[in-house]
Amino acid sequence: QVQLVESGGGLVQAGGSLRLSCAASGRTFSRFGMGWFRQGPGKEREYVAAIIWSTGSTHYADSVKGRFTISRDNAKNTVYLQMNSLKPEDTAVYYCAAAVRKWVPLVQKEQYDYWGQGTQVTVSS
């Protein structure tokens, strides 16, 4: 069984920063990429960012480009999401996910095989 555990969420004022982490554990699996999604109140889960594990190549949703940075630490089996210049509309539960199959770009929920439980990010105005 593969577990993805997110951490780092919380309450922050608009303009502030947070760094989310997602640690993978359990059985060894060959991941192609990992991504972050978010789901705001009453909204569909939406794509935020993705990273190809082997190359470090990244991709971002237009809504976060220039403010968020996705990165990974191979040794720690962890992916990060650095979020700067946060806005109230960034408020959501943030989920990390892992993809085994080789889709490019990794922007659709259906392309991912494993999901974490989510961490709440609340941005106050």
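Residues numbered from 1 in each chain as written. Predicted model: local features only at pLDDT ≥ 70, side-chain atom pairs only at ≥ 80, totals over all residues. Heavy atoms only, no water.

### A look at the overall build of the protein chain
In terms of helices and strands, the protein chain carries zero helices and 11 strands. Helices and strands in the protein chain line up, N terminus first, as β-β-β-β-β-β-β-β-β-β-β. In terms of overall dimensions, the protein chain is globule-like: its C-alpha atoms have a radius of gyration of 13 Å, near the 14 Å expected for 125 residues. Once the C-alpha set of the protein chain is aligned to its principal axes, its extents read approximately 40 × 25 × 25 Å. Burial status across the protein chain gives 45% buried among its 125 residues. In the protein chain, the proportion of contacts linking residues at least 24 apart, taken out of those at least 6 apart, comes to 56%. Of the roughly 6,400 Å² of accessible surface on the protein chain, a fraction of 48% belongs to carbon and sulfur atoms. (Helix = DSSP H or I, 4+ residues; strand = E, 2+ residues; numbered from the N terminus. Rg over C-alpha atoms; globule rule 2.2 N^0.38 Å. Buried < 20%, exposed > 50% of the residue type's maximum accessible area, 1.4 Å probe, protein only. Contact = heavy atoms within 4.5 Å. Areas by Shrake-Rupley, 256 points an atom, 1.4 Å probe, with all protein chains shown as cover.)

### Here we look at the side chain of Gln111
Among the secondary structure elements, Gln111 is positioned in the loop between strand E9 (92-99) and strand E10 (114-115). A distance of 3.4 Å separates the side chain of Gln111 from the backbone oxygen of Pro105, its partner in a polar contact. In this structure, Gln111 is in contact with Ala99, Arg101, Trp103, Pro105 and Leu106, ignoring residues within four places of it in sequence. (Polar contact = N/O pair within 3.5 Å; in protein donor to acceptor, adjacent residues only side chain to side chain.)

### What to know about the state of the cysteines
Inspection of every chain in the model, using the stated rule, returns one disulfide. For Cys22, the disulfide goes to Cys96, at an S-S distance of 1.9 Å. Negative torsions about the S-S bond denote left-handed disulfides, and the value of about 40° found for Cys22 with Cys96 makes this one right-handed. Taken as a pair, Cys22 in strand E3 (residues 18-26) and Cys96 in strand E9 lie far apart in primary sequence, 74 residues in all. Across the pair, exposure class does not vary: Cys22 and Cys96 are buried alike. (Disulfide = S-S within 2.5 Å.)

Keep in mind that these numbers describe shape and distance, not what the molecule does.
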